[in-house]
Each structure stands twice: as C-alpha cells, then as structure tokens.
Amino acid sequence: MKRIIYIVLLLLNIIAVSCTNNNNTFTIGDLTYEIMDNDEVYLLRCNNTTATAINIPPKVMYNNKEYNVTNVSFDVFEYCSKLTSVTFPNTITHLDMWIFKNCTNLTTFNIPPSVREIYRYIFDTTAFYKNKDNWTGKALYKDGCLLAVDTTISGEYTVLEGTRLISDDAFRDCKRL
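Along every chain, residues carry numbers that run from 1 in the direction the sequence is written. Since the coordinates come from a predicted model, pLDDT governs what is reported: local features require at least 70, and pairs of side-chain atoms require 80 or more to be given and counted, while whole-chain, interface and lining totals use all residues. Excluding hydrogens and water, the side-chain figures rest on all heavy atoms present in the structure.

(A) Just the overall build of the protein chain, in detail. Think of it this way: any DSSP run of H or I at least four residues long counts as a helix, any run of E at least two long counts as a strand, and we number them from the N terminus. The helix and strand inventory of the protein chain stands at two helices and 14 strands. Burial statistics for the protein chain: of 177 residues in total, 42% are counted as buried. Throughout, a residue-residue contact means that at least one pair of heavy atoms, one from each residue, lies within 4.5 Å. At a minimum sequence separation of 6, the contacts of the protein chain that also span at least 24 residues come to 41%. Note on areas: these come from Shrake-Rupley sampling with a 1.4 Å probe, and a residue is covered only by the protein chains present in the view. With the model as given, the accessible surface of the protein chain reaches about 9600 Å², and the carbon-plus-sulfur share is 51%. Here's how the labels work: a residue is buried when its accessible area is under 20% of the maximum for its type, exposed when over 50%, partly exposed in between, all with a 1.4 Å probe on protein chains only.

In structure tokens:
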C-alpha cells in the first residue's frame, strides 16, 4: 500500500513539475524555486547532487522582486546522498514529504520555530534518524519537535513538555501504543 501511495505521489509530482510554467520557476545557484503567490516561493529542488552543506536563504530576488522562501517541496534533496548539513531560514513554514530521501549522510539540520507542519517520511533515511544517540528513550526530538517514536513502544507515551510540534508520521506503525 505504501508503495502504491508513493508511486501515485511521485507521478503527481512529475506531472506538476512538467506542467509548471517556466515563468514560475527559476534557479539561483544550486537551488531551483517555484513562485507560489505574490511574495512566496517553494524550494523546488537542489541541483547540486554532490553538495555536502546547503544554506537555504530566507529571501530570494527574481525579476527585481523579492520572495520569501516558505516551503521545502517533495523530494527536494533526494539525489544529494553526500549531504551532511542543511540550514533552514526562519521563513520556512512547511517541510514536505521525503525531502531528505536518500540523504543517508545527513546529521545536521535545524527546524526553525516558524515551521508549522512536518510531513511524512522526512528523516527516515538520514544518519540523524539512524543514530540512536539522537533518541530520547524511544522518541526522536529535534528543536522542540517530535519527529518519530520507535514502533516497538507499547502502553502509553507522554510527549515531552515543551514540544511545540509533532511530525505528521511521528506515531506511524505504533500498533501497541
């Protein structure tokens, strides 16, 4: 079922990207953006597959207009397997699905207080996720956000005090909770 959902989402993403008007996308350095409305852009993709560190700017200029970078799109860093570090600006409000897919070396990133939504499967393949030293008991937290809970957890679980956000899939497959 997950595979079917992934394939459908992948196809929708391919269709959306291929149907995008070229006037709505632009590239600055290694990053491609898509204009969403009058003053916001999505980070659409990273074009440097050998990058080890990415610092996403809070604002970008295009055609003499300034845009806030507010969202990080689906699969944006998928082919950046050497990526170890990403810095998000305080303008980011949404982290989309699978943005760190295949980023097996990613250990350092931030989740700014501006983020209001963290979608599914973002961190699963990262070195940060797989390093048990980053887990508090059977839960993975980062910057006040609950990202994941070990699927073997049973009984009750109390979210840590001060948690400001719970990831979309934090309790995925916790069948004995």
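From this point, the narrative continues.
(B) Main features of the sheet that holds strand β9 (residues 108–109). A pair of strands counts as paired when DSSP detects no fewer than two bridges linking them. Spatially, the three strands line up as an open sheet ordered β4-β7-β9, and their pairing is parallel. Unpaired on one side and paired on the other, β4 (53–55) and β9 mark the two borders of the sheet. Relative to β9, strand β7 (residues 85–87) runs parallel, the two sharing two bridges. Counterpart to Ser85 in the pairing with β9 is Thr108.

(C) Inspection of the side chain of Thr91 at higher detail. Note that Thr91 resides in the loop between β7 and β8 (94–95). In the analysis that follows, any N or O atom pair within 3.5 Å is treated as a polar contact, provided that within protein one partner can donate a hydrogen and the other can accept it, and provided that, for residues neighboring in sequence, both atoms belong to side chains. In this structure the side chain of Thr91 is engaged in a polar contact, spanning 2.6 Å, whose partner is the backbone oxygen of Val69. If we ignore the near neighbours within four places in the chain, the residues touching Thr91 are Pro58, Asn68, Val69, Thr70 and Ser114.

Honestly, it's all geometry; don't read function into it.
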